[in-house]
Structures are given as C-alpha cells and as structure tokens.
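Here is what each chain is made of, one letter per residue.
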Amino acid sequence: MKPALLEVMRMNRICRMVLVTCLGSFALVIFYFQSMLHPVIRRNPFGMDICCRKGSRSPLQELYNPTQLELSSTAILHQIRRDQVTDTCRANSMSSRKRRVLTPNDLKHLVVDEDHELIYCYVPKVACTNWKRVMMVLTGRGKYSDPMEIPANEAHVSSNLKTLNQYSIPEINHRLKNYMKFLFVREPFERLVSAYRNKFTQKYNTSFHKRYGTKIIKRQRKNATQEALHKGDDVKFEEFVAYLIDPHTQREEPFNEHWQTVYSLCHPCHIHYDLIGKYETLEEDSNYILQLAGVGNYLKFPTYAKSTRTTDEMTTEFFQNISSEHQTQLYEVYKLDFLMFNYSMPSYVKLE
Ligand SMILES: Nc1ncnc2c1ncn2[C@@H]1O[C@H](COP(=O)(O)OS(=O)(=O)O)[C@@H](OP(=O)(O)O)[C@H]1O
C-alpha cells in the first residue's frame, strides 16, 4: 500500500476516535446536569422500575393465572389458606346471629397502593412497621428505594400512606374488586406476648403505661401502691390477660389495635383477601407478593436479625403462670383468629 494512502487511513481513524470521545463526553455532561435537576431519581436508580407497574398483567392476574411455574406452586398453598378463611366464616355465620355491613370506618387499616394495585391490611405486631415501609417505597414514586432508610416512626405517620376509607364509595368498590388484597397474621398468643413485651415492659412506652397500664392495675391489682396506680409501668402478664378476658373491657371501648383480633381489624369474612401471609414464613410470603406486583427484582422485604424476638418457647413461659380458667377464656376471645388462620391450639394450653 502506498504511504500516502496509509497516512489518510490513519488520520481517518484518529478523527473517528476524537469524534467518539467528544460524543461520549457530551452524553456524560448531559447525564450529569439531568441528575442535578432530578436528585431523587439519581439517588434511586430503581425508582422508575418500582414506581409503576410494567406490562399489562395485574398482581391479581399473576396470582390467579400465573405465567411462571414457581409462582403457580405457591398459588396452591394460598388457595388452601383462602379456603380455610371461607370455611371458618361460613361456619361462624351459621352459628352467629350477628350480621353487619362494613362502613368506611372499618377500612382504616387497609393501605392502598394505586400504582401496583395492592391493598394491605396492616396488623400490629406482625411486622407491620416493615410492611408500611415497603408500602411507602411502592407508593413513593421514586422518593425511596430502600425500606430501611425510612425511620420506624415515619412509617406510622398516618398521612404517609393512603387508606381505603379516604376514597368515595364507588372508588372503594372499584379497588376492592380489582386490587390484590393481602394481610399478614401471626399465632394469636405469640402476637399477644409480643404486644405485652413491647408495650408494657419497655420503660420508654410511657403513653401505653398511662393510657392502659394505670387502668389495668387499678382494675386487676389488689392493694396496688399509689406509685403503680400513677405510673402504670409494671403491669404483669397475668394482669394483662385478666384485663383482656374481662367482659367490661370490650364493652367500654374496642381493644387497642396491638391486641385487637385480626378478624376485627381486617374483616376477612367481608373482604375477600387474595393472599394471607404468615409471620412464620414472613420473608418468603412477602417476597412472593412483591414478585406478583412486578417489583420482586428491585425490592425485597427487609430481613431481620433481632435476637430478642418473641418465640414459641418464650410464649410458653409467659403462659405458665396463667390459670387454665383464664387460658380457656382467652382462647375464646381469640378463637376465630386461631381457626381462620389455621393455628392449632398451643400444646402448653391447659383448657378447663
Ligand atoms: N423481617 C422480620 N422478620 C421477623 N420478624 C420481624 C421482621 N420484621 C419485624 N419483625 C417482628 O415483628 C414484630 C413487630 O411488629 P410491628 O412492626 O407490627 O409492631 S408495631 O405494631 O409497630 O408495634 C416484632 O416481633 P417481636 O420481636 O416478637 O415483638 C419484630 O421482631
């Protein structure tokens, strides 16, 4: 080849390299300025994916007509859980004369995610703080990407999440019909011990001590000291149980949500839940829901390593000091939760 021709080709290559470098730098500059203008999106690289459902299939379609094999085997398990609720409701409505229609006030625990067509009924002491954090990521349109970046107290601020009672009746009906509705449940007595430990044995929970502790001690403790009556901060588990089974308690006002039954908070006999998650398989069930919602690749339910979690053994210990008469009465209060969600009677329970 002639040297002149070689020289021309070399120049050509250099020109092309310069051009590619210039274009690359230009694109980087544009990307930089764009991210300066939209800092939230820059902080959250998954924002756009978590934000809005992609494709035409809704979580409900994915649940009842799965396209992936791994989703279809789990779907069978959830059908069995739904059937259990239906059967218990049917059996209970036959034996009970009480019939009622839901009002918007009954829908305060149902958190709505319009972007992914989800409704979550939160049950306190069943990891609802973490689920509320996840719902804030899902509804935040890119504001958050990691649930754990949201402080626990923020997750409980009611204005941070929209609940179903805030919609008009036609809007409520539309969402109940078309969204995937789910809740999480826990073995009722373990949930109760979790509530007792958190609300009555932690020094910082003074509002619960004042609001409920003082009342429980006044009613259940003979010869209570003035200090105990005033502070309400040393309620014993036996006293808490006595308060729960006392017929006056629920006549006076409904139970606090931390120990209220799941069927009273979420109304599973009136609202058809598509998915019943269990605390015992919390992460597995939660990630299944996120997968059905189409965000499973970007968002995972927070894992937990708290060593002081309430366990079955711990619950057994707490119930050692409860008389069989009180255990029987307490079981009656939570019986529907036991039956509906298929929890067998704990082996430590001694019924009368
Ligand atoms: N990912 C994960 N895995 C296992 N366990 C978990 C998880 N997230 C929360 N938890 C446990 O849930 C209990 C707290 O529930 P809530 O957040 O609903 O409590 S509260 O209603 O806000 O008071 C509390 O249970 P106890 O420790 O037994 O009280 C938490 O330990």
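Analysis parameters
Residues numbered from 1 in each chain as written. Predicted model: local features only at pLDDT ≥ 70, side-chain atom pairs only at ≥ 80, totals over all residues. Heavy atoms only, no water. UniProt positions renumbered as here; feature names shortened; annotations may be inferred. Pairing = 2+ DSSP bridges. Helix = DSSP H or I, 4+ residues; strand = E, 2+ residues; numbered from the N terminus. Contact = heavy atoms within 4.5 Å. Axes fitted to C-alpha atoms, helices over the stretch in contact; angles between N-to-C directions. Near = heavy atom within 4 Å. Polar contact = N/O pair within 3.5 Å; in protein donor to acceptor, adjacent residues only side chain to side chain. Areas by Shrake-Rupley, 256 points an atom, 1.4 Å probe, with all protein chains shown as cover. Nonpolar A, V, L, I, M, F, W, Y, C, P; charged D, E, K, R; others polar. Buried < 20%, exposed > 50% of the residue type's maximum accessible area, 1.4 Å probe, protein only. Bend = angle between axes of the 7 residues up to and from the residue. Phe/Tyr/Trp six-rings, centres within 6.5 Å; stacked < 30°, edge-to-face > 60°. Parallel < 35°, antiparallel > 145°, perpendicular 65-115°, else oblique. Left-handed = near helix turned anticlockwise from the far one by under 90°.

The chain appears in an unreviewed UniProt entry as Carbohydrate sulfotransferase from Anolis carolinensis. In the Sequence similarities (unreviewed entry) part of its UniProt record, the chain is described as follows: "Belongs to the sulfotransferase 2 family." The Subcellular location (unreviewed entry) comment attached to the chain in UniProt states, word for word, "Golgi apparatus membrane".

## Some points on the sheet that holds strand E4 (residues 180-185)
If you walk across this open sheet you meet the five strands as E3-E1-E2-E4-E5, and the pairing is mixed. The open sheet is flanked by strand E3 (162-163) and strand E5 (275-278), the only strands paired with a single partner. Seen against the sheet, helix H6 (residues 128-139) touches strand E1 (110-113), strand E2 (118-121) and E4 and runs at an angle of roughly 25° to E1.

## Focus on the site of the ligand
Residues in close proximity to the ligand total 22 residues, the closest being Cys128, Thr129, Arg186, Ser194 and Thr310. Asn130 places a side-chain nitrogen or oxygen 2.9 Å from a nitrogen atom of the ligand. Thr310 is positioned with one of its backbone polar atoms (N or O) 2.7 Å from an oxygen atom of the ligand. The protein chains hide 91% of the 640 Å² of surface that the ligand would expose on its own. When contributions to the shell around the ligand are tallied by element, the ones reaching two or more residues are H6, helix H9 (188-200) and helix H15 (282-292). Taken together, the residues of the shell around the ligand sort by class into nine nonpolar, seven polar and six charged.

## A look at the pairing of E1
Walk down a regular strand and you will see the side chains alternate between the two sheet faces. Burial of the side chains of E1 extends over both faces: Leu110 and Val112 are buried on one face and Val111 and Asp113 on the other. In terms of strand pairing, E1 meets E2 through four bridges, oriented antiparallel. By the bridge assignment, Val111 is partnered in E2 with Tyr120. Counted along the chain from E1 to the antiparallel partner E2, the turn is four residues long, and its residue Glu117 has a positive phi close to 60°. Strand direction decides the pairing type here: E1 and E3, joined by two bridges, are antiparallel. Among the inter-strand pairings, Val112 is bridged to a residue of E3, identified as Lys162.

## Some words on unusual backbone geometry
Non-glycine residue Asn223 carries a positive phi angle of around 55°. The topology assignment puts Asn223 in the loop between helix H10 (206-220) and helix H11 (226-231). You will see that Asn342, though not glycine, has its phi angle at about 60°, which is positive. Looking at where Asn342 falls in the secondary structure, it is placed in the segment after helix H17 (324-340). Classification of Asn342 by relative accessible area gives exposed; the value is 54%.

## Concerning H10
Turn by turn, an α-helix covers 3.6 residues, leaving residues three or four places apart pointing in a common direction. Maximal helix bending in H10 amounts to about 40°, located at Tyr212. Listed in full, the buried residues belonging to H10 are Phe208, His209, Tyr212, Gly213, Thr214, Ile216 and Ile217. Residues of H10 that are buried in the fold lie against H9, H11 and helix H12 (237-245).

## Overview of the packing of aromatic side chains
Here a ring pair, both rings aromatic, is described through the centre-centre distance and the interplanar angle of the planes. Going through the model one piece at a time under the given rule, you end up with 23 aromatic pairs. Measuring from ring centre to ring centre gives 4.7 Å for Phe189 and Phe319, while their planes differ by 20°; the resulting arrangement is stacked. With a gap of 130 residues between them, Phe189 in helix H9 and Phe319 in helix H16 (residues 312-319) connect regions that are remote in the sequence. By relative accessible area, which is 0% here, Phe189 ends up buried. Residue classification places Phe319 among the buried positions, given a relative accessible area of 1%. With centroids separated by 5.8 Å and ring planes inclined at 35°, the aromatic side chains of Phe200 and Trp259 adopt a geometry described as tilted. Remark: Trp259 occurs in the loop between helix H13 (247-252) and helix H14 (262-266) and Phe200 occurs in helix H9; sequence separation between them is 59 residues. With respect to burial, Phe200 and Trp259 carry one shared label: buried.

## Comments concerning the side chain of Asp106
Considering the arrangement of structural elements, one finds Asp106 in the loop between helix H5 (69-95) and E1. Setting aside residues no more than four positions away along its own chain, Asp106 makes contact with Arg100, Val101, Leu265 and His267.

## A look at the packing of H12 against H17
Axis separation between H12 and H17 bottoms out at 9 Å; the angle between their running directions is 55°. When the axis of H12 is compared with that of H17, the two are oblique. Between H12 and H17 lies a crossing of left-handed hand. Contact residues: Val241, Ala242, Leu244 and Ile245 in H12; His326, Gln329, Leu330, Val333 and Tyr334 in H17.

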